[in-house]
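# Descriptive analysis of the structure
Here's the letter readout for the chains.
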2 protein chains.
Amino acid sequence: MTVHPAHTRVELGDLKVPVTRVELTNGETFDRYTTEGPGSVPEQGLPPLRQPWIDQRDDTETYRGRETQLVDNGKAAIRRGSARDEWQGERRPPRRAAEGSNVTQMHYARQGIVTTEMAYVAQREGCDPELVRSEVAAGRAIIPANVNHPESEPMIIGRRFCVKVNANIGNSAVTSSIAEEVDKLTHAVTWGADTVMDLSTGDDIHTTREWILRNSPVPIGTVPIYQALEKVNGEADKLTWEIFRDTVVEQAEQGVDYMTIHAGVLLRYVPLTAERVTGIVSRGGSIMAGWCLAHHEENFLYTHFDELCEIFAAYDVSFSLGDGLRPGATADANDAAQLGELRTLAELTERAWAHDVQVMVEGPGHVPLNLVKENVDLQQEWCHGAPFYTLGPLATDIAPGYDHITSAIGAATIAMHGTAMLCYVTPKEHLGLPNKDDVKTGVITYKLAAHAADVAKGHPGARDWDDALSKARFEFRWHDQFALALDPVTAEAFHDETLPAENAKTAHFCSMCGPKFCSMRISQDVRDRFGMKSADGAEEGMKQKSEEFLELGGTVYVEPSLR
Amino acid sequence: MTVHPAHTRVELGDLKVPVTRVELTNGETFDRYTTEGPGSVPEQGLPPLRQPWIDQRDDTETYRGRETQLVDNGKAAIRRGSARDEWQGERRPPRRAAEGSNVTQMHYARQGIVTTEMAYVAQREGCDPELVRSEVAAGRAIIPANVNHPESEPMIIGRRFCVKVNANIGNSAVTSSIAEEVDKLTHAVTWGADTVMDLSTGDDIHTTREWILRNSPVPIGTVPIYQALEKVNGEADKLTWEIFRDTVVEQAEQGVDYMTIHAGVLLRYVPLTAERVTGIVSRGGSIMAGWCLAHHEENFLYTHFDELCEIFAAYDVSFSLGDGLRPGATADANDAAQLGELRTLAELTERAWAHDVQVMVEGPGHVPLNLVKENVDLQQEWCHGAPFYTLGPLATDIAPGYDHITSAIGAATIAMHGTAMLCYVTPKEHLGLPNKDDVKTGVITYKLAAHAADVAKGHPGARDWDDALSKARFEFRWHDQFALALDPVTAEAFHDETLPAENAKTAHFCSMCGPKFCSMRISQDVRDRFGMKSADGAEEGMKQKSEEFLELGGTVYVEPSLR
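Predicted, not measured: the structure shown is a model, and the values here were computed from it. (Residues numbered from 1 in each chain as written. Chains lettered and ligands numbered in written order. Predicted model: local features only at pLDDT ≥ 70, side-chain atom pairs only at ≥ 80, totals over all residues. Heavy atoms only, no water.)

### Thoughts on the overall build of chain A
Which entries qualify depends on this criterion: Here a helix means four or more residues in a row that DSSP labels H or I, a strand means two or more in a row labelled E, and each is numbered from the N terminus. The atom set for the radius of gyration is the C-alpha atoms, and the globule formula is 2.2 Å times the number of residues raised to the power 0.38. Per-residue accessibility, obtained with a 1.4 Å probe over protein chains only, is compared with the maximum for each type, and a residue is labelled buried under 20%, exposed over 50%, and partly exposed between these values. Contact between two residues is taken to exist if any of their heavy atoms lie within 4.5 Å; hydrogens are not considered. The charge count treats Lys and Arg as positive and Asp and Glu as negative. His and the chain ends do not count. Every charge is mapped to an atom, namely NZ of Lys, CZ of Arg, CG of Asp or CD of Glu.
Secondary structure assignment for chain A yields 21 helices and 15 strands. A globule of 563 residues ought to have a C-alpha radius of gyration of about 24 Å, and chain A, at 26 Å, matches this closely. Seen through its principal axes, chain A has C-alpha atoms that stretch 90 × 55 × 50 Å. Looking at chain A as a whole, 68% of its 563 residues qualify as buried. Summarising the internal contacts of chain A: among those between residues at least 6 apart in sequence, 73% fall at separations of at least 24. Side chains of chain A carry 54 positive and 83 negative charges; the gap between the two charge centres is 2 Å.

### Some thoughts on the sheet that holds strand S8 (residues 164–169) of chain B
Residue and element names in this part refer to chain B. The condition that has to hold: Only when DSSP finds a minimum of two bridges between them are two strands counted as paired. An axis is simply a line fitted to the C-alpha atoms; with a helix, the fit covers only the stretch in contact. Between two such axes, the angle follows the N-to-C directions and lies from 0 to 180 degrees.
Sheet architecture is closed into a barrel: eight strands sit in the order S8-S9-S10-S11-S12-S13-S14-S15, paired in parallel fashion. Pairs of neighbouring strands in the sheet enclose a mean axial angle of 25°, with direction left out of account. By the bridge criterion, three bridges tie strand S13 (residues 359–363) to strand S14 (residues 388–391) in an arrangement that is parallel. Within S14, the position partnered with glycine 363 by the bridge is threonine 390. Relative to the sheet, helix H7 (residues 205–215) contacts S8, strand S9 (195–198) and strand S10 (220–222), its axis offset from that of S10 by approximately 155°.

### Notes on the pattern of salt bridges
All names here are of chain A. Quick reminder of the rule: We define a salt bridge as a side-chain nitrogen of Lys or Arg found within 4 Å of a carboxyl oxygen belonging to Asp or Glu.
Within the structure shown, the criterion is met by 86 salt bridges over all chains. The salt bridge partner of glutamate 475 is arginine 477, with a shortest N-O separation of 2.9 Å. Taken together, the shared-partner salt bridges in this structure form one network comprising Arg66, Asp72, Arg209, Lys231, Asp246 and Glu250.

### Here's the deal with helix H7 (residues 205–215) of chain A
Residues that lie three or four places apart on an α-helix share one face, since the helix turns once every 3.6 residues. Residues and elements named next belong to chain A. Most of H7 sits inside the fold, with eleven of its eleven residues counted as buried. Within H7, burial applies to Ile205, His206, Thr207, Thr208, Arg209, Glu210, Trp211, Ile212, Leu213, Arg214 and Asn215. Residues of H7 that are buried in the fold lie against strand S8 (164–169), helix H6 (178–190), strand S9 (195–198), strand S10 (220–222), helix H8 (224–231) and helix H9 (241–254).

### Brief notes about the interface of chain A and chain B
The criterion, for reference: A simple way to read buried area is as the amount of 1.4 Å-probe accessible surface that goes missing from two parts once joined, with both sides added. Counting of polar contacts relies on pairs of N or O atoms within 3.5 Å, with two restrictions inside protein: one atom must be capable of donating a hydrogen and the other of accepting it, and residues adjacent in sequence are counted only when both atoms are side-chain atoms. In this count, Pro and Cys sit with the nonpolar residues alongside Ala, Val, Leu, Ile, Met, Phe, Trp and Tyr, while Asp, Glu, Lys and Arg are called charged and the others, Gly among them, polar.
Counting from both sides, the interface comprises 127 residues of chain A and, opposite them, 127 residues of chain B. Roughly 10,400 Å² of surface becomes buried between chain A and chain B when both sides are summed, with 65% attributable to carbon and sulfur atoms. Put simply, chain A and chain B have two salt bridges between them. Two residues, Lys428(A) and Glu497(B), come together in a salt bridge whose shortest N-O distance is 2.8 Å. Where chain A touches chain B, the interface holds 18 residue pairs in polar contact (both at pLDDT 80 or more). Taken together, the residues of the side of chain A that touches chain B sort by class into 63 nonpolar, 38 polar and 26 charged.

### Let's talk about unusual backbone geometry
At the junction of Pro364(A) and Gly365(A), the peptide bond is cis and its omega measures out at -5° in the coordinates. Take Gly365(A): it is sitting in the loop between strand S13 (359–363) and helix H14 (369–382). A positive phi is found at Asp356(B), a non-glycine position, where the angle reads about 60°. With respect to the helices and strands, the residue Asp356(B) is situated in the loop between helix H13 (336–354) and S13.

### Observations concerning the state of the cysteines
Using the following cut-off: The definition used for a disulfide is geometric: two cysteine sulfur atoms within 2.5 Å.
In this structure the tally under the stated criterion is zero disulfides over all chains. Distance from the sulfur of Cys127(A), which forms no disulfide, to the nearest cysteine sulfur (Cys162(A)) is 9.1 Å.

### Thoughts on the relation of the copies chain A and chain B
We apply this condition: The copies are overlaid by a least-squares fit using only the C-alpha atoms of residues whose pLDDT is at least 70 in both copies.
By a simple turn and slide, chain A fits onto chain B: the slide is 0.0 Å along the axis, the RMSD is 0.0 Å, and the turn is 180°. Such values leave the two copies arranged in the relation of a two-fold axis. Within chain A, the C-alpha atom positioned nearest to the axis of rotation is that of Ile409(A), 2.3 Å from it. When the interface residues of chain A are mapped onto chain B, 100% of them again lie at the interface, so the same face is used by both copies.

### Re the sheet that holds strand S1 (residues 7–12) of chain B
All names here are of chain B. Pairing within the open sheet is antiparallel, and its three strands lie in the order S1-S2-S3. Edge positions in the sheet fall to S1 and strand S3 (29–33), since each has one partner strand and no second. Strand-to-strand twist across the sheet, computed as the mean angle between neighbouring axes with direction ignored, equals 40°.

### Examining the UniProt feature "binding site: [4Fe-4S] cluster" (unreviewed entry) in chain A
We count it as follows: UniProt positions are given in the numbering used here, feature names are shortened, and annotations may be inferred rather than shown by experiment.
Per the UniProt annotation, the sites labelled "binding site: [4Fe-4S] cluster" (unreviewed entry) are Cys510(A), Cys513(A) and Cys518(A). Positionally, Cys518(A) belongs in the loop between helix H19 (488–498) and helix H20 (519–529).

### Examining the packing of H14(A) against helix H15 (residues 403–416) of chain A
All names here are of chain A. Condition: Roughly parallel here means an angle under 35 degrees, roughly antiparallel means over 145, roughly perpendicular means 65 to 115, and every remaining angle is called oblique. The hand of a helix crossing depends on one turn: near helix anticlockwise from the far one by less than a right angle means left-handed, and clockwise means right-handed.
It is at 9 Å that the axes of H14 and H15 come closest, and there the two elements cross at 40°. Comparing their axes, H15 and H14 come out oblique. Of the two elements, H14 crosses H15, and the hand of that crossing is right-handed. Counted together, Leu369, Val372, Asn375 and Val376 of H14 and Ile409, Gly410, Thr413 and Ile414 of H15 form the full contact between these two elements. Tallied by class, the residues present in the contact of H14 with H15 amount to five nonpolar, three polar and no charged.

### As for the packing of aromatic side chains
Defined as follows: Note on aromatic pairs: the rings of Phe, Tyr and Trp (six-membered ring only in Trp) are paired at centre separations within 6.5 Å, and the planes decide the class, stacked below 30 degrees, edge-to-face beyond 60, tilted for the rest. Only when the NZ atom of a Lys or the CZ atom of an Arg is both within 6 Å of the ring centre and within 35 degrees of the ring normal do we say a charge sits over the ring.
Summed over all chains, the structure comprises 18 aromatic pairs over all chains. Ring centres of Trp478(B) and Phe482(B) lie 6.1 Å apart, and the angle between their planes is 40°; on these two criteria the pair is classed as tilted. Of the two residues, Trp478(B) and Phe482(B) are both situated in helix H18 (residues 478–484); the distance of four residues between them amounts to about one turn of the helix. For the pair Trp478(B) and Phe482(B), a shared accessibility class is recorded, and that class is buried. Taken together, the ring pairs connect Trp241(A), Phe244(A), Trp291(A) and Phe300(A) into an aromatic cluster. In this structure, Arg343(A) is placed above the aromatic ring of Trp382(A), and the distance from its NZ or CZ to the ring centre is 3.7 Å. The ring of Trp191(A) carries the charged tip of Lys440(A) above its face, separated from the ring centre by 4.0 Å.

### Some thoughts on the environment of Thr190(A)
All names here are of chain A. One can find threonine 190 in helix H6. Measuring from C-alpha to C-alpha, the distance between threonine 190 and threonine 35 comes to 6.8 Å, with 155 residues separating the pair along the chain. A distance of 2.7 Å separates a polar side-chain atom of threonine 190 from the backbone oxygen of threonine 186.

### Overview of the environment of Gln251(A)
All names here are of chain A. Examined against the element boundaries, glutamine 251 turns out to sit in helix H9. Glutamine 251 sits in the buried class, given a relative accessible area of 1%. Each C-alpha atom of the pair glutamine 251 and glutamine 227 lies 9.8 Å from the other, and the pair is 24 residues apart in sequence. In contact with glutamine 251, not counting residues within four places along its chain, are Arg209, Thr222, Pro224, Gln227, Val256 and Met259. Within the structure, the side chain of glutamine 251 is placed 2.9 Å from the side chain of glutamine 227, a separation counted as a polar contact.

### Thoughts on the pairing of strand S11 (residues 258–261) of chain B
Residue and element names in this part refer to chain B. Taking every second residue as pointing to the same face, both faces of S11 are buried, with Tyr258 and Thr260 on one and Met259 and Ile261 on the other. Summarising the sheet, S10 and S11 pair through two bridges and their orientation is parallel. Note that in S11 the partner of threonine 222 across the bridge is methionine 259. One ladder, built from four bridges, connects S11 with strand S12 (residues 318–321); its direction is parallel. Looking at the pairing, methionine 259 lines up with phenylalanine 319 of S12.

### As for the side chain of Arg124(B)
Residue and element names in this part refer to chain B. Within the secondary structure, arginine 124 is located in helix H4 (residues 116–125). Look at arginine 124 and you get buried, because its relative accessible area is 11%. For arginine 124, the side chain forms a polar contact with the main-chain oxygen of glutamate 153, separated by 3.2 Å. Beyond its immediate sequence surroundings of up to four residues, arginine 124 is in contact with Val17, Tyr33, Thr34, Thr35, Glu153, Pro154 and Met155.

### Quick word on the pairing of S1(B)
Residues and elements named next belong to chain B. When S1 meets strand S2 (residues 17–23), the two strands line up antiparallel, connected through six bridges. When the bridges of S2 are listed, threonine 8 appears paired with arginine 21. Between S1 and S2, which pair antiparallel and follow one another directly, the connecting turn spans four residues, one of which, glycine 13, has a positive phi of 70°.

Written out as structure tokens, the structure reads:
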């Protein structure tokens, strides 16, 4: 799928690493890291790109796998007596680490092995494969890559690499069709989502996830507690470790690449939220807090954490350690509950690493700008550099309807200081379920925030994109300016709203300032007429040319032929 | 004009300082600083609020004033042989300082006088009038208040006060009707613009500005070089000091409160732009650069700066020292041309202050996030704390169509570090002329950025708004959440897109997470059931309640009646 006529998907090198090549009208090209994927027929899914790499390592086995149950698809499936599934593609048996093996990218990295996934990632990022390996080995980066999701194009999350963006999809109430969910996935990925979380909580949850995984070229994350709660009919106190573990295995066998686990919501932290303005705002956090209080027992995700690590290691599922006690208002930012939980997440990070399991740590939420840096500094210090994955944060609470923007401000700032991945926020945050347009707006907003951070960090090559676009702008290559834009469709539509004619695409002005007041045109005229090709030549050139210019009439603009 | 049924305009104290009072459903009220204005009939304008204050000082005189010329309204007026003007209100003669008087707010402040304008401002800001006086006296804040714009409600621009937002209006090409321009002004002000710049460059420019001034409750800024260039038919080399001075007097007599003057674009700086990616991107900057090169002479705005100061002092026009050499691409940020000009703006600031003329200094533009703080630090140091007024800056160049967001990121950051006023950027930036919807989007985006900065600065009372909204959110007072939102209309519309029923406005969830997964509801249930009214009581309460809770069935949600 391409979003602009000047875009082509090009595959580079032996590993056929895809980039979006932008063909410019001046004969140059510009290559952009892309997450577009090759496109798929929803009923058949994507080809399993990574299958040969996994096979070649010869350290996994296929097995019969867990029996699918009706409850996996919720009440509707139970009512119907069958799951709904029009899948037409192959069904692969699940795969896991062979006895005695550990198949995580971290394990390989620590053995000094540069996997094909690492080489692929290095090419996408334009860096040395050894940097990828060493960062993964140290836990400072993760490559979410479940062996049961061979359709995914490997990507890396870590502060030494491009800042990534996650988009959440999935319905909260009455489910749309499964194909519609795949459509949302494709839409998010087309616009640049680097990973997608399927947060479905409605009916057909197992099948929806299956279709999403089979069609996703990006890693898929989930929050298994949501499905586990569905399985106990929404009664949090009925949750048990066994039901949760079964759900994790179910999802790991399907190929989920990372899972949010709220293991840091400890019983003793819950009272710390009592005086907060907005209490507990994480769904998973509030569920686990309710469970802890109901049973007056420690969070079972914490007490069974090592068992979880063993499961995760067998499939290479990465932890996304959930911040169940994140602040939901700027008033609650960086408080005792939040920082207490972060200490526990740091402890859990080390426990996961002892199993060679990959970990990222989730962060807030709602944080005033002056407290943003502290969040990432503490997380990086306490968690020994494990990648930070934040939701925004929103820099103010006063603008529901615009929280993609209030949060992009916080997101760009926290990413500049070291956050590795940003979870998008859409304009509907706090108000309702995002639709397809909201998904696009959220992704684009977060891509620009992530890129602003890359530029601020001086990430190698990041500013090349800005420079290519600015150069096209200054040279009035309108088509190139649109093609290079993060959202070419919107850029062109906005321009064409007032100047739709094709010859306006080469005009030396737009309707914003009009021809007389286009500073870029005047600035170019000045350069041309005064021989300002370089700063050295300019001083001399401008003296020579000034008389000549006045003789010519001295106008810095020419009346345009199109108005 | 009110934007929400729960909003009323309330006038406080003897000076009748307006605020927007939000009536909450729990019986409380919340007062917001407002720029809404009392509303006007365009053909008749607003009442001259400040006229008695000006009269009482008894240091001004009315006079015949400059004769209006057809060229003041551009080519169309010349063609028609008459200006277009259906004005039905009073025509006041222009007013200026009486012989030997200086009528600037800075002059009064330096005399130790707290003017009514200062007292009014102090009430709006909720601070001591002496703080206002001392900041204005020191040049660290300005109160743009031309004696010929008595309709304006005084406001202050300075880093010790709320961060302000300016909206640009005015057409670039074919002019809409004059009434339409007034409509744009009102729209910008309703949504929160603290000042408005009229950048009209088309026909009927004098009359349009007259109507805007007579209807504006906020200070109006202009860039007089635009009109001056129209007067010489767009031929920059034909510009002269005399034509420019005449234009400044014309606008000062009308009541323009601040004017952008590109006096820092010196001949010797122009060659420094030769190797830039995007040259000179300020309209005024490129015009003056062209003039300097054409004549090989120093910028006449610089050479006649003291004369300008004398004019400004006579009307209390404030300088907005234009950054004609600001960067137009992140590649050009903080370069020699930009910083050279800033040094000159610092010099001009001191020269203006010698005349007791109020000054703010304009800033960029396009700046990567890592260089933003340096901009405001250097400006504050070199210009001795004169208010900084920045355009964004855009933190990346890759997102035309979303430059309200790329720039809001930079704007919130630069304001947090001390910028006093932010010039908005609309989604149409770089692409076309903003329409009315774009004006609103730009204003709202910048208001949230400004407020995020106020919160980050710990500005007294700033976070109260966030807290009031967050509290309404946590308590499911949906109507209050909408009424407190920066844009109540959009917030309510987004909510109602999926849950339009009136009973959904008290429901303990929205469509985003649905009833089962609403963390706020679960969190409240947990609090209620475990007696968590405070952190102290919570520890004990939760033990007692846990058994009771399990006996009751232990569910953390109740199936909702509305889905």
